[in-house]
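Each chain, letter by letter, is given below.
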Amino acid sequence: MPPKYSLPPLPYDYNALEPVISRQIMELHHQKHHQAYVTNLNAALDAQASALDHNNITQLISIQQKLKFNGGGHINHSLFWRNLAPYDSPATKVDGAAPTLKAAIEEQWDGSFEKFTQAFGAVLLGLQGSGWGWLVSSGKKGLLEIVTTKDQDPVTEMIPVLGVDMWEHAYYLQYLNNKASYVENIWKVINWEEAEHRYLNGVEGLATMKL
Ligand SMILES: [Fe+2]
């Protein structure tokens, strides 16, 4: 039997990110959207096991997109919840929470953390349709880069240090069409402790997520 995945609990209360992200958004996003990715991932894995049992290559091929979309959705949201921390908590203060990562960011973005946040924000706002913006690292303490992925494609072969969900379901109930305001405010609830941990530990850091 393929492994069954389950919805990981949020590492904070549903209202912990207010006023940046409302309780209503967090409840729907976690309990409905993320749960749907988990449910559909498990269904796709069952269907894949059945197709393998029956040597049904046509069915096997048809399942791959569902696996990618829902598996990616589960991975991305599991990363995202941990990329966020309660409003005004110590983890949201980059100076104390991520000294190594901050220094690396400054080294790569002309000595300026603000240049990085501006560049990251511009990439997020330039994303067309649904997708994700990521700060990725080439490995432990590796080279940093800002990338995007479409739909629910996960980051592969790089370390996803920091990801931001740019699907409308992540902000629309609160920010409506003001995507720029969502992008501006998200910095207030970024969990820099988690980002530092992933930057220092690479894939071993991700393994602690127990997906
Ligand atoms: Fe989402």
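The preceding data block contains the structure.
Thresholds, definitions, all that
- Residues numbered from 1 in each chain as written.
- Predicted model: local features only at pLDDT ≥ 70, side-chain atom pairs only at ≥ 80, totals over all residues.
- Heavy atoms only, no water.
- Helix = DSSP H or I, 4+ residues; strand = E, 2+ residues; numbered from the N terminus.
- Rg over C-alpha atoms; globule rule 2.2 N^0.38 Å.
- Buried < 20%, exposed > 50% of the residue type's maximum accessible area, 1.4 Å probe, protein only.
- Areas by Shrake-Rupley, 256 points an atom, 1.4 Å probe, with all protein chains shown as cover.
- Polar contact = N/O pair within 3.5 Å; in protein donor to acceptor, adjacent residues only side chain to side chain.
- Pairing = 2+ DSSP bridges.
- Axes fitted to C-alpha atoms, helices over the stretch in contact; angles between N-to-C directions.
- Donors = N, O, S within 2.8 Å, 3.2 Å for Na, K, Ca; no water.
- Tetrahedral: all angles 85-135°; square planar, octahedral: opposite > 155°, others 65-115°.
- Phe/Tyr/Trp six-rings, centres within 6.5 Å; stacked < 30°, edge-to-face > 60°.
- Lys NZ or Arg CZ within 6 Å of the ring centre and 35° of its normal.

Visitor: Before we go on, may I ask you to explain the overall build of the protein chain in this structure?
Guide: Secondary structure summary: the protein chain contains nine helices and three strands in total. Going from N to C terminus, the protein chain has its helices and strands arranged as α-α-α-α-α-β-β-β-α-α-α-α. Taken over C-alpha atoms, the radius of gyration comes to 18 Å for the protein chain, in line with the 17 Å a tight globule of 211 residues would show. In terms of principal-axis extent, the alpha carbons of the protein chain reach across some 55 × 35 × 30 Å. Here the protein chain holds 211 residues, and the buried ones make up 48% of them. Carbon and sulfur atoms make up 52% of the accessible area of the protein chain, which amounts to about 10500 Å² in all.

Visitor: Just to check I follow, could you spell out helix H8 (residues 192–201) for this structure?
Guide: Residues that lie three or four places apart on an α-helix share one face, since the helix turns once every 3.6 residues. Three or more residues of H8 are buried, namely Trp192, Glu194, Ala195, Glu196, Arg198 and Tyr199. The residue sitting at the N-terminus of H8 and contributing the capping side-chain oxygen is Asn191; that oxygen lies 3.1 Å from the backbone nitrogen of Glu193. Just past H8, the residue Gly202 takes up positive phi, approximately 60 degrees.

Visitor: Explain the sheet that holds strand S3 (residues 159–165) to me, please; I cannot follow it from the model alone.
Guide: Sheet strands associate in pairs through backbone hydrogen bonding, adopting either a parallel or an antiparallel arrangement. Reading across from one edge, S2-S1-S3 is the order of the three strands in this open sheet, with antiparallel pairing throughout. Among the strands making up the open sheet, the edge pair consists of strand S2 (144–150) and S3. Within the sheet, the average angular offset between the axes of one strand and its neighbour, ignoring direction, is 25 degrees. Pairing geometry for strand S1 (residues 131–137) and S2, over seven bridges, is antiparallel. From the neighbouring strand, Trp134 faces S2, where its bridge partner is Val147.

Visitor: Could you clarify how one ought to interpret the pairing of S1 in this entry?
Guide: Two faces make up the sheet, and in a regular strand the side chains alternate between them. With seven of its seven residues buried, S1 lies for the most part within the structure. Across the two faces of S1 the burial is the same, with Gly131, Gly133, Leu135 and Ser137 and Trp132, Trp134 and Val136 all buried. In this structure, the hairpin formed by S1 and S2 is closed by a connection of six residues, where Lys141 is found at a positive phi of approximately 50 degrees. As paired elements, S1 and S3 share six bridges and run antiparallel to each other. Residue pairing across strands places Ser137 opposite Ile159, the latter belonging to S3.

Visitor: Hey, could you run me through the coordination of the iron ion in this one?
Guide: Reference values for angles at a metal are 109.5 degrees in the four-donor tetrahedral case and 90 or 180 degrees in the six-donor octahedral case. Coordination of the iron ion by the protein is provided by His29 (NE2), His77 (NE2), Asp165 (OD) and His169 (NE2), with metal-donor distances spanning 1.9 to 2.1 Å. Around the iron ion, the four donor atoms are arranged such that angles at the metal cover 90 to 133 degrees; this shape is classified as tetrahedral. Spacing between the donor residues of the iron ion along their common chain follows H-x47-H-x87-D-x3-H. Here His169 lies in the loop between S3 and helix H6 (172–175) and His29 lies in helix H1 (residues 23–53), a separation of 140 residues in the sequence. Take His29: its relative accessible area is 1%, and that puts it in the buried class.

Visitor: What should I look at first to understand the packing of aromatic side chains in this one?
Guide: The geometry of an aromatic ring pair comes down to the distance between the two centres and the angle between the two planes. All told, the structure shown has 15 aromatic pairs when counted by the stated rule. When the centroid spacing of 5.4 Å and the interplanar angle of 15 degrees are considered together, the rings of Trp132 and Trp134 count as stacked. Given the relative accessible area of 0%, Trp134 is considered buried. An aromatic cluster of at least three residues, connected via ring pairs, comprises Trp109, Phe113, Phe116, Phe120, Trp187 and Trp192. Over the aromatic face of Phe113 sits the side chain of Lys102, whose NZ or CZ is 5.8 Å from the ring centroid.

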